[in-house]
Amino acid sequence: MTTSPPLTIMVVDDSNTIRRSAEIFLSGAGYQVVLAEDGFDALAKINDHHPALVFCDILMPRLDGYQTCALIKKSARFSSTQVVMLSSKDGLFDRARGAMVGASAYLTKPFSKDSLLAAVREHAAAG
């Protein structure tokens, strides 16, 4: 019986605290974790790592989460990659805008370990 390699999950957030806590939760659950501190960093790393799922903060400098998600979804290679938006605001407008750029779901920060892992289970397999 062969074991498949762990899923790779990318976490894009300009907050070091959010990146670290997500990394601890995800790696503790056996996932491979790739961290990016903003949209440009994420776009540079996505080609090398081919994540099964991307958690993407909305409010970031240089390239925000909506723009980052839209660019990932426009790419022929990554259009099927699931993107879950992260935001400290739990607003209807943010959710709608996230859905418009192709986000699969929306997770409010600060997230719990359980909500983060539930989002991975729900969306990583769908990719």
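Quick look at the structure, then. (Residues numbered from 1 in each chain as written. Predicted model: local features only at pLDDT ≥ 70, side-chain atom pairs only at ≥ 80, totals over all residues. Heavy atoms only, no water.)

1. Section: the overall build of the protein chain
If you tally the helices and strands in the protein chain, you get five helices and five strands. The helix and strand sequence of the protein chain, counted from the amino end, reads β-α-β-α-β-α-β-α-β-α. C-alpha atoms of the protein chain, sized along the principal axes, occupy 45 × 30 × 25 Å. For the protein chain, buried positions account for 46% of its 127 residues. Intrachain contacts of the protein chain at a sequence separation of at least 6 include 60% that bridge at least 24 residues. Total accessible area on the protein chain is roughly 6,600 Å²; 55% of this is exposed by carbon and sulfur atoms. (Helix = DSSP H or I, 4+ residues; strand = E, 2+ residues; numbered from the N terminus. Buried < 20%, exposed > 50% of the residue type's maximum accessible area, 1.4 Å probe, protein only. Contact = heavy atoms within 4.5 Å. Areas by Shrake-Rupley, 256 points an atom, 1.4 Å probe, with all protein chains shown as cover.)

2. What about the environment of arginine 97?
Along the chain, arginine 97 falls in helix α4 (residues 92–100). On the basis of relative accessibility, which here comes to 33%, the residue arginine 97 falls in the partly exposed class. In sequence terms arginine 97 and tyrosine 66 are 31 residues apart; their C-alpha atoms lie 7.6 Å from each other. Discounting residues that sit within four places of it in the chain, arginine 97 has contacts with Asp64 and Tyr66.

3. Considering the side chain of lysine 73
Tracing the backbone through its elements, the reader meets lysine 73 in helix α3 (residues 65–74). No salt bridge is formed by the buried lysine 73. Its closest oppositely charged neighbour is glutamate 122, at 14 Å. A distance of 2.6 Å separates a polar side-chain atom of lysine 73 from the backbone oxygen of threonine 81. Setting aside residues up to four positions removed in sequence, lysine 73 forms contacts with Ser79, Ser80, Thr81, Gln82, Val83, Val101 and Gly102. (Lys, Arg positive; Asp, Glu negative; His and termini not counted. Salt bridge = Lys/Arg side-chain N within 4 Å of Asp/Glu carboxyl O. Polar contact = N/O pair within 3.5 Å; in protein donor to acceptor, adjacent residues only side chain to side chain.)

4. Thoughts on the state of the cysteines
Under the defined criterion, the tally for this structure stands at zero disulfides. The thiol of cysteine 56 is unpaired, and the distance to the nearest cysteine sulfur, on cysteine 69, comes to 6.8 Å. For cysteine 69, a relative accessible area of 0% corresponds to the buried category. (Disulfide = S-S within 2.5 Å.)

5. Focus on the packing of aromatic side chains
Summed over the entire model, instances satisfying the criterion amount to one aromatic pair. Considering the side-chain rings of phenylalanine 25 and phenylalanine 111, the 6.4 Å spacing of their centres and the 70° angle between planes classify their relative orientation as edge-to-face. You can see phenylalanine 25 sitting in helix α1 (residues 16–28) and its partner phenylalanine 111 sitting in the loop between β5 (105–108) and α5 (113–123), a full 86 residues away along the chain. (Phe/Tyr/Trp six-rings, centres within 6.5 Å; stacked < 30°, edge-to-face > 60°.)

Interpretation note: all reported values are geometric properties and have no functional meaning in isolation.
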